Every structure is written in C-alpha cells, then in structure tokens.
Amino acid sequence: MPPELTDWTPAGPRNTVVVHPQDVPALSLLGQGGAHWGCCGPLGTGGRNMARGCAVLVAALAADCMGPYELHLDPVRVWALDTKGSER
C-alpha cells in the first residue's frame, strides 16, 4: 500500500478476521454490480459476497482499485483450527 494510505481503516465489517484474498483460494465471488461496487470490484460495504463451493456466503471482499484489498471472514461462519498441533 502506498505510504500516504497507511492510515486507512479496514473496509469491511467490524470484529472480523482480515486476511489477504489470495490466502483463501477456495472462495468465489457471488454477485456483481450494484451500489456496493466501485469501478473495479466490490467495495466491501455490502456484507458477505464470497462463498464456498456450496454457495454459503462466508466472507466480505473489499477489492476495488481505489481502496483496500482485503477479505473479512465472518466470525459466525468461519473459525480456525490448529491442525498441526493436534497431531500427537
């Protein structure tokens, strides 16, 4: 991110885990256009717009060219497990 933009706040919902969109390649974008889209992609202001293969919306993508590029994971639908530490 350019130095003049380092004081930006996340674009999506509060109290979510924010990751780089390329860190979750299994998700796909559902729906395009409308009030929550900029010239190049979703603004992240319209709620969940990324889904698993079963079409369940689990994250909000903010990916317009004029703002942050980030993915907000819905804490109700996504959780993390330490699978590496569980093998004993």
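From a predicted model like this one, the values you see are computed outputs, not experimental measurements.

Reading the values: the criteria
- Residues numbered from 1 in each chain as written.
- Predicted model: local features only at pLDDT ≥ 70, side-chain atom pairs only at ≥ 80, totals over all residues.
- Heavy atoms only, no water.
- Salt bridge = Lys/Arg side-chain N within 4 Å of Asp/Glu carboxyl O.
- Helix = DSSP H or I, 4+ residues; strand = E, 2+ residues; numbered from the N terminus.
- Buried < 20%, exposed > 50% of the residue type's maximum accessible area, 1.4 Å probe, protein only.
- Pairing = 2+ DSSP bridges.

1. A closer look at the pattern of salt bridges
For step 1, the next point in the chain: Scanning all chains against the criterion turns up 2 salt bridges.
For step 2, the next point in the chain: One salt bridge in this structure joins Asp-74 and Arg-48, with 3.3 Å as the shortest N-O distance. Residue Asp-74 is located in the segment after β5 (70-73), and its partner Arg-48 is located in the loop between β2 (28-29) and β3 (50-51); the two are separated by 26 residues in the primary sequence.
For step 3, the next point in the chain: When its relative accessible area of 35% is taken as the criterion, Arg-48 is described as partly exposed.
For step 4, the next point in the chain: Taking the shortest distance from any N to any O, the salt bridge between Arg-77 and Asp-74 comes out at 2.7 Å.
For step 5, the next point in the chain: The network of salt bridges with common partners includes Arg-48, Asp-74 and Arg-77.

2. Side note on the sheet that holds β3
For step 1, the next point in the chain: If you walk across this open sheet you meet the 5 strands as β1-β5-β4-β3-β2, and the pairing is antiparallel. Taken across any chain shown, the strands that pair with only one partner, and hence form the sheet edges, are β1 (17-19) and β2.
For step 2, the next point in the chain: Note that β2 and β3 share 2 bridges and pair antiparallel. Among the inter-strand pairings, Leu-29 is bridged to a residue of β3, identified as Met-50.

3. Observations concerning the pairing of strand β4 (residues 57-62)
For step 1, the next point in the chain: The element β4 is extensively covered by neighbouring structure, given that 5 of its 6 residues are classed as buried.
For step 2, the next point in the chain: With 2 bridges joining them, β3 and β4 adopt antiparallel strand pairing. Each bridged residue has a counterpart across the sheet, and for Ala-51 the counterpart in β4 is Leu-57.
For step 3, the next point in the chain: Once β3 ends, the chain turns through 5 residues before running back antiparallel as β4, passing Ala-55 with a positive phi of about 70°.

4. Digging into unusual backbone geometry
For step 1, the next point in the chain: Positive phi values are uncommon outside glycine, yet Ala-55 reaches one of about 70°.
For step 2, the next point in the chain: Mapped onto the fold, Ala-55 is located in the loop between β3 and β4.

5. A word on the environment of Ala-35
For step 1, the next point in the chain: Secondary-structure assignment places Ala-35 in the loop between β2 and β3.
For step 2, the next point in the chain: Residue Ala-35 is classed as exposed on the basis of its relative accessible area, which comes to 72%.
For step 3, the next point in the chain: It is 9.2 Å that separates the C-alpha atoms of Ala-35 and Thr-45, two residues lying 10 residues apart in sequence.

6. Things to note about the environment of Asn-15
For step 1, the next point in the chain: Assignment of secondary structure puts Asn-15 in the segment before β1.
For step 2, the next point in the chain: Along the chain, Asn-15 and Asp-74 lie 59 residues apart, while their C-alpha atoms are 8.8 Å from each other.

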